[in-house]
Amino acid sequence: MLLLIWELLYLINVDYLGIWKPYCFPPPLAVAEKIWQLATDGILLIAVMQSMKRMVIGFGISLCLGVVIGLSILKAKDMEKSLVSLLMGLQTLPSICWLPFAVLWFGLNDQAIIFVVVIGSTFSMALTVESAIKNVSPVYIKAAKMLGAKGLPMYISFYIPVTLPAIVAGMKQAWSFSWRALMAGEMLVSAVGLGQVLIMGRELADISQVVASMVVIVAIGLLVNRLVFEKIEYGIRRKWGTLINDGE
Amino acid sequence: MKLILDGLSKEFRAKSHNRVVLDDVGFDIRSGEFVCLIGPSGCGKTTLLNIIAGFEKPDRGQVLLDGKEITGVATEISVIFQDYALFPWLNVLENVEYGMKMSGISRAARREKALKYLKMVHLTKHQNAYVHELSGGMKQRVAIARSLASDASVLLMDEPFAALDYQTRRILQAELQNIWQKTGKTMLLVTHNVEEAVLLADRVFVMSVNPGRIKKEYRIDIPGNRHFGNPLFAEMVEKILDELMVEVEKAAKEEYDSDWHLEKNGIRHFAAADLGIAVPDKR
């Protein structure tokens, strides 16, 4: 359906009316061809692998950092409010704004991009962890304590599973923040990756390559959501009994 | 183990006025005794349980378990909540095992003991089910098994059957009695249901509202079976209900408009006779 509208828009505006120039707006077929070409060249595979590598490293680091920061905020009871608003403030700052810092600290390389990816989702993860733990129903906490849970085992056996639904929802968001940050970083630093394929398209005035990489970026975003996060969420919902249509 | 409550007081401070929730509440519970605590909603029953369980601190007074002061949450005292508080990410067996896992008991020993208590509440068939797959009555059975398996010697129950339908409640009351006789645990059950209290308890305490105090103690040593066919049972229920109704009315007068009062001569029956038994706890 979307493809049809796209094709129609192309036909009307570019072919008949000539308002848009062909180099401004590619037809879907050209984009599909481009994707195929990039894929058979091997460029796409290398780019995706490189991007994913940075993403996995960066996202992993930000998960750990987010959990640590989130828990530390909860421990620092008196400063909790001001720390939360500080994080909120930092969260509104687009992560790409940190790129100059990153480049100064790490140079024009992978580490700088990974830094931007980490910054992109750490704050959102920390806020998620903080609010997830604060929203745990008091009766569960009472039950866990009366059964003798405390200290580290309490975190592992109680706080992680009880907050998992909220954490996974937060992870989904954090993943998209990071993914955006990664693309921006790759475009500016111009290291091999999907973002760079896009910027190459711009430099070669090849609009279909630009759109092709955009399509691939969206597709990978969707794919990860489908294959990773929705699978985890489904597993949780099945256990917790919050599935609406589970065919029972 | 013997449980001693000594001069427990607790105030809640609000902006406009302080409310005395508990005022010098004290009584002893013998080891293996079954005590019921009854009172209108808002009389501090739940606060009292929270203090005994160590979830809250009293302003004054102390809780002694076998002579030792309880200052925080102790695994010797276990709570059975009205809304079960079973962990939804664990299946039935894992829920029952949770306390033992926390105290570091080996996997095999854990499993064996959990199955033993699941058998006691007749739920071994559902050991692999998740919590949402169970009915309310089944959930409460799991919660009972969980508390028993954690080796607590005192079980505190906060309106454990209030959310269940009448028939299920009757069955569970009978089974709770069985379990109590088999295990010899010390039981303190909070309820608003006079019939339930007289059915189960060795002693019943009626609490007054605002300030929350122990108003009266009843020793339930009626001969014969405890059901309404036994006039002594009915008489005891009636007696406690009368006492309770004074408090219920007092509490209601504070909640409703100033012109509220109970119509004493209803067409069919004395309306108050229903209140203590059937009115669900407003929360």
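Residues numbered from 1 in each chain as written. Chains lettered and ligands numbered in written order. Predicted model: local features only at pLDDT ≥ 70, side-chain atom pairs only at ≥ 80, totals over all residues.

### Points about the overall build of chain B
To be explicit about the condition: Secondary structure follows DSSP: runs of H or I at least 4 residues long count as helices, runs of E at least 2 residues long count as strands, and numbering of each begins at the N terminus. Restricting the calculation to C-alpha atoms gives the radius of gyration, and the globule rule supplies 2.2 Å times the number of residues raised to the power 0.38. Here exposure depends only on C-beta density: within 10 Å of a residue's C-beta, 20 or more other C-beta atoms make it buried, 12 or fewer make it exposed, and intermediate numbers make it partly exposed, the C-beta atoms being placed from the backbone. Contact between two residues is assigned whenever their backbone-derived C-beta positions fall within 7 Å.
Each helix and strand counted, chain B has eight helices and ten strands in total. The C-alpha atoms of chain B give a radius of gyration of 19 Å, which matches the 19 Å a tight globule of 283 residues would have. On the principal axes, the C-alpha backbone points of chain B span a range of 60 × 45 × 35 Å. Of all 283 residues assigned to chain B, the portion counted as buried reaches 41%. In chain B, the share of contacts with a sequence separation of at least 24, taken over all contacts with a separation of at least 6, comes to 69%.

### Quick notes on the overall build of chain A
Within chain A one finds ten helices and zero strands. In sequence order, the secondary structure elements of chain A are arranged as α-α-α-α-α-α-α-α-α-α. Structurally, chain A occupies a C-alpha span of about 75 × 55 × 30 Å along its principal axes. Burial status across chain A gives 36% buried among its 248 residues. Expressed as a percentage of contacts within chain A between residues at least 6 apart in sequence, the contacts between residues at least 24 apart total 70%.

### Quick word on the confidence of the model for chain A
Defined as follows: Note on scores: pLDDT gives the predictor's confidence for each residue, bounded by 0 and 100.
When pLDDT is averaged along chain A, the result is 87; 98% of the residues meet or exceed 70. Per-element averaging of pLDDT across chain A places helix H1 (residues 2–16) of chain A at the bottom with 80 and helix H7 (residues 138–146) of chain A at the top with 93.

### Examining the interface of chain B and chain A
Taken together, the 21 residues of chain B in the interface contact 16 residues of chain A. Within the residue set of the side of chain B that touches chain A, elements represented by two or more residues are strand S6 (77–80) and helix H2 (92–102) of chain B. With four residues, H2 of chain B is the single largest residue contributor to the side of chain B that touches chain A.

### Some words on the packing of helix H9 (residues 194–203) of chain A against helix H10 (residues 207–240) of chain A
All names here are of chain A. Counted only if it meets this: Note on geometry: axes are C-alpha line fits, over the in-contact stretch for helices, and angles between N-to-C directions span 0 to 180 degrees. To sort the angles, those under 35 degrees are grouped as roughly parallel, those over 145 as roughly antiparallel, those from 65 to 115 as roughly perpendicular, and the leftovers as oblique. Two helices cross in a left-handed way if the nearer one is turned anticlockwise from the farther one by less than a right angle. They cross in a right-handed way if the turn is clockwise.
Contact pair H9 / H10: the axes reach a minimum separation of 7 Å and the direction vectors enclose 160°. By the angle between their directions, the pair H9 and H10 is classed as roughly antiparallel. Viewed along their axes, H9 and H10 form a crossing whose handedness is left-handed. Judged by residue contacts, Leu194, Val197, Leu198, Met200, Gly201 and Arg202 of H9 engage Gln209, Val210, Ser213, Met214, Val216 and Ile217 from H10.

### A closer look at the sheet that holds strand S10 (residues 213–219) of chain B
Residue and element names in this part refer to chain B. Counted only if it meets this: Paired strands, in this sense, are two strands between which DSSP finds at least two bridges.
Pairing within the open sheet is mixed, and its six strands lie in the order S6-S7-S8-S3-S9-S10. This sheet does not close on itself; its edge strands, each paired only once, are S6 and S10. The average angle at which neighbouring strand axes cross in this sheet is 20°, direction not considered. Packed onto the sheet, helix H7 (residues 231–255) meets strand S3 (34–38), strand S9 (203–208) and S10 and runs at close to 20° relative to S9.

### Here's the deal with helix H3 (residues 107–120) of chain B
Three or four residues apart is the spacing at which side chains of an α-helix point the same way, because the helix has 3.6 residues per turn. All names here are of chain B. Here is the rule we go by: Under the convention used throughout, the expected extent of a helix is 1.5 Å for every residue step, that is, one less than its residue count. The directions from the helix axis to the C-beta atoms are what the arc is built from.
With 14 residues, H3 extends 20 Å from end C-alpha to end C-alpha; this agrees with the ideal 20 Å at 1.5 Å per step. Taken together, the buried positions of H3 are occupied by Arg110, Ala114, Tyr117 and Leu118. Burial along H3 is one-sided: seen end-on, the buried residues are contained in an arc of 105°. Set apart from the buried face of H3 by more than 90 degrees, the exposed residues are Ala108, Ala109, Glu112 and Lys119. Contacts made by the buried residues of H3 are with H2 and helix H4 (136–149). Following H3 by one or two positions, His122 has its phi on the positive side, about 60°.

### A closer look at H2 of chain B
With ten of its eleven residues buried, H2 of chain B lies for the most part within the structure. Every buried residue belonging to H2 of chain B is among Val92, Leu93, Asn95, Val96, Glu97, Tyr98, Gly99, Met100, Lys101 and Met102 of chain B, and all of these are buried.

### Section: the nonpolar core
Selection criterion: The nonpolar core is taken to be a set of buried Ala, Val, Leu, Ile, Met, Phe, Trp, Tyr and Cys residues joined by way of C-beta atoms within 7 Å.
In terms of nonpolar packing, the biggest core is built from 136 residues, with Val116 of chain A together with Ile38, Leu156 and Val198 of chain B touching the most fellow members. The biggest single contributor to this core is helix H8 (residues 151–189) of chain A, with 16 residues. Not counting residues up to four positions away in its chain, the partners in contact with Leu156 of chain B are Leu49, Ile52, Ala53, Ile77, Val79 and Leu188 of chain B.

### Let's talk about the sheet that holds strand S5 (residues 68–69) of chain B
Residues and elements named next belong to chain B. With respect to topology, four strands assemble into an open sheet ordered S2-S1-S4-S5, the strand pairing being antiparallel. Every other strand in the sheet has two partners, leaving strand S2 (18–29) and S5 as the edge strands with one partner each. Two strands pair when backbone bridges link them, and strand S1 (residues 3–13) and S2 are joined in this way by eight bridges, in the antiparallel orientation. Bridge pairing links Ile4 to Asp28 in S2. Here helix H1 (residues 45–53) sits on the sheet in contact with S1, S2 and strand S4 (60–65), set at roughly 120° to S1.

### With respect to the pairing of S9 of chain B
Residue and element names in this part refer to chain B. With five of six residues buried, S9 is to be regarded as a mostly interior element. By the bridge criterion, four bridges tie S3 to S9 in an arrangement that is parallel. What sits directly across from Cys36, in S9, is Val204. Pairing between S9 and S10: six bridges, direction antiparallel. In the sheet register, Val204 faces S10, and the bridge partner there is Tyr218. Here S9 folds back onto S10, and the loop between the two strands holds four residues, one of which, Asn210, carries a positive phi near 45°.

### Points about the packing of helix H5 (residues 99–106) of chain A against helix H6 (residues 110–134) of chain A
Residues and elements named next belong to chain A. Just so we agree on the cut-off: Just so you know the grouping, Ala, Val, Leu, Ile, Met, Phe, Trp, Tyr, Cys and Pro go in nonpolar, Asp, Glu, Lys and Arg go in charged, and all remaining residues, Gly too, go in polar.
Contact pair H5 / H6: the axes reach a minimum separation of 8 Å and the direction vectors enclose 140°. For the element pair H5 and H6, the recorded crossing hand is right-handed. Here H5 contributes Leu99, Ala102, Val103 and Phe106 to the contact with H6, which in turn contributes Gln111, Ala112, Phe115 and Val116. Taken together, the residues that form the contact of H5 with H6 break down as seven nonpolar, one polar and no charged.

### Comments concerning the pairing of strand S8 (residues 186–191) of chain B
Consecutive side chains of a regular strand alternate in pointing toward one face of the sheet and then the other. Residues and elements named next belong to chain B. Stated precisely, the cut-off is as follows: For the handedness criterion, the strands are oriented away from the viewer, and a crossover whose path from the first strand over the helix to the second runs clockwise is classed as right-handed.
Of all six residues in S8, six are buried; the element is thus mostly enclosed. Of the two faces of S8, both are covered, the one formed by Thr186, Leu188 and Val190 as well as the one formed by Met187, Leu189 and Thr191. Note: S3 against S8, five bridges, orientation parallel. Counted as the bridge partner of Val35 is Leu188 from S8. In this sheet, S8 lies alongside strand S7 (residues 154–158) in parallel orientation, the contact comprising five bridges. By the bridge assignment for S8, Met157 is matched with Leu189. As for the winding sense of the linkage, the β-α-β connection from S7 through helix H5 (residues 166–183) to S8 is right-handed.

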